[in-house]
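# Coordinate analysis (summary)
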Amino acid sequence: MTLLVTGGAGYVGSHTVHALLAQGHEVVILDNLSTGHKWALQDCELITIDLRDETNLVRNLKGRSFDGVLHFAAKSLVGESKNQPTMYYQNNVGGTTNLVRAMQAADIQRLVFSSTAAIFGNPVSDLIDEAHPKAPINVYGQTKLVVEQMLEAVTASSDFSATCLRYFNAAGANNAANLGEWHEPETHLIPNALRAAAGTENPLTLFGDDYPTPDGTCVRDYIHVDDLASAHVAAIDTMMESGVFGTYNLGNGNGYSVKEVIAACEKAVGSEIPFTIGPRREGDPATLVASSQKARDELGWAPAHDSIEEIAQSAWNWECYRRDTLA
């Protein structure tokens with residue numbers, strides 16, 4: 001297949017590009033490089049466009065033959081989304097709307113959309129499946145839910161097909177491919193813990209230790225980024241056979257507290273990671289753990305890296321490579 005990957009120079013996007021190339025697919029990346037990295041492009045053709053520029057987007061897709069699009073390009077910082085909601089709606093909702101319109105104009109009818117567990121808000125059950133109520137408690141989650149609703153409406157009114165993959169906590173790295181996580185600013189727990197261990201950042205802060213969880217810290221479902229990548233490959237393969245609109249939750253089904261994750265990072269580093277306790281962050285639910293049974297049943301997908309220790313070790317290997325080679 002020939003596939004377009006938006007945001008293919010970013011974290012999950014670059015790992016998915018790697019997985020697609022390994023399967024023999026031809027990949028073209030569309031990325032404005034605002035948060036992506038040139039070193040992550042993997043010798044693919046790059047179309048440098050901002051999705052908010054619909055005219056340029058339509059012009060560049062016209063006459064191109066793509067079997068489908070995997071769409072990762074988005075703003076994704078919860079705190080930033082609270083402070084700049086119009087930017088998030090313009091980028092995430094407006095940009096995706098422009099992409100769909102440009103795809104339809106170019107007769108490209110398959111889209112795999114990078115969604116998020118943030119659409120669910122505070123959980124009402126121990127495991128979150130696709131039918132769980134959707135009540136996002138931050139602007140980022142709201143924008144992703146609006147896009148899902150838009151895609152469902154588009155598929156109901158045309159020949160367009162869309163699959164929405166709802167990530168829980170992406171983590172880890174592909175050490176063989178020298179791909180990993182690098183955001184500035186970094187907001188994710190594992191890379192921040194590892195940066196603190198390396199002495200390259202300020203001491204780690206835990207946001208709240210008074211949640212209704214076994215050790216008082218938030219519990220999350222961490223999924224290795226390579227497993228997310230394989231889910232995208234499975235989704236586009238499935239869409240070649242059938243499918244109009246589908247939604248899938250992607251996680252390991254295991255919940256780890258912040259303190260448990262830090263312990264796994266300490267094991268990877270071989271030393272204690274200092275941290276302080278800060279106040280809760282607004283918009284952080286106590287627990288988010290996925291049920292991915294639907295993805296297992298319908299996509300034939302299953303995570304291959306279900307150990308938090310393995311995830312932390314791959315992230316530490318990447319952090320060492322990043323500091324020594326790229327930083």
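Quick notes on the rules
- Residues numbered from 1 in each chain as written.
- Predicted model: local features only at pLDDT ≥ 70, side-chain atom pairs only at ≥ 80, totals over all residues.
- Heavy atoms only, no water.
- Helix = DSSP H or I, 4+ residues; strand = E, 2+ residues; numbered from the N terminus.
- Rg over C-alpha atoms; globule rule 2.2 N^0.38 Å.
- Contact = heavy atoms within 4.5 Å.
- Areas by Shrake-Rupley, 256 points an atom, 1.4 Å probe, with all protein chains shown as cover.
- Lys, Arg positive; Asp, Glu negative; His and termini not counted.
- Charge placed at Lys NZ, Arg CZ, Asp CG, Glu CD.
- Core = buried A, V, L, I, M, F, W, Y, C linked by side-chain atoms within 4.5 Å.
- Buried < 20%, exposed > 50% of the residue type's maximum accessible area, 1.4 Å probe, protein only.
- Pairing = 2+ DSSP bridges.
- Axes fitted to C-alpha atoms, helices over the stretch in contact; angles between N-to-C directions.
- Parallel < 35°, antiparallel > 145°, perpendicular 65-115°, else oblique.
- Left-handed = near helix turned anticlockwise from the far one by under 90°.
- Phe/Tyr/Trp six-rings, centres within 6.5 Å; stacked < 30°, edge-to-face > 60°.
- Lys NZ or Arg CZ within 6 Å of the ring centre and 35° of its normal.

With that settled, consider the overall build of the protein chain. Each helix and strand in the protein chain was counted, giving ten helices and 14 strands. A compact globule built from 327 residues would reach a C-alpha radius of gyration of about 20 Å, and the protein chain, at 19 Å, matches this within 12%. By principal-axis analysis of the C-alpha atoms, the protein chain measures approximately 55 × 45 × 40 Å. Restricting the contact set of the protein chain to residue pairs at least 6 apart, pairs at least 24 apart contribute 77%. Carbon and sulfur atoms make up 47% of the accessible area of the protein chain, which amounts to about 13,600 Å² in all. Looking at the protein chain, you have 22 positive and 40 negative side-chain charges, and the mean spots of the two groups are 6 Å apart.

Val 12, Leu 165, Leu 250 and Leu 299 are the most contacted members of the largest nonpolar core, which has 33 residues in total. Considering each element in turn, this core owes the most residues, nine residues, to helix α7 (residues 225–241). Contacts of Leu 250, omitting those with residues within four sequence positions, involve Leu 165, Arg 166, Tyr 167, Phe 168, Ile 223, Leu 228, Ala 231, Ala 290, Ser 292, Ala 295 and Trp 301. Within the second largest apolar cluster, 26 residues are counted, among which are Ala 171, Cys 218, Tyr 256 and Ala 312.

This paragraph deals with the pairing of strand β11 (residues 245–250). For β11, the buried fraction is high: five of the six residues fall into the buried class. As defined by bridge partners, strand β6 (residues 161–167) adjoins β11 across six bridges and the pair is classed as parallel. Its bridge partner lying in β11, Thr 163 is registered against Gly 246.

It is worth spelling out the packing of helix α6 (residues 189–198) against helix α8 (residues 258–269) at this point. Two numbers describe a pair of packed helices, the interaxial angle and the distance between the axes. Between α6 and α8, the least distance of the axes is 10 Å, while the angle of their chain directions is 45 degrees. Taken together, the axes of α6 and α8 lie oblique to each other. In this structure, α6 meets α8 at a crossing whose hand is right-handed. For the pair formed by α6 and α8, the contact residues are Leu 189, Ile 190, Ala 193, Leu 194 and Ala 197 on the first element and Val 258, Val 261, Cys 265 and Val 269 on the second.

Bringing the packing of aromatic side chains into the picture now. Taken as a whole, this structure holds three aromatic pairs when the rule is applied. Consider the rings of Trp 39 and Trp 182, whose centres lie 6.2 Å apart with planes at 25 degrees: the pair is stacked. Placement of Trp 39 in the loop between β2 (26–30) and β3 (45–47) and of Trp 182 in the loop between β7 (169–171) and α6 is noted, with a sequence separation of 143 residues between them. Overall, the relative accessible area of 30% leaves Trp 39 in the partly exposed class. Ring centres of Trp 318 and Tyr 321 lie 5.8 Å apart, and the angle between their planes is 40 degrees; on these two criteria the pair is classed as tilted. Of this pair, Trp 318 and Tyr 321 both sit in helix α10 (residues 308–326), three residues apart, which is roughly one turn of that helix. Overall, the relative accessible area of 3% leaves Trp 318 in the buried class. Taken together, the ring pairs in this structure connect Trp 39, Trp 182, Trp 318 and Tyr 321 into an aromatic cluster. Between Arg 280 and the ring centre of Tyr 211, over which it is positioned, the NZ or CZ distance is 4.0 Å. One residue, Lys 294, lies across the ring of Tyr 248, its end atom 5.0 Å from the ring centre.

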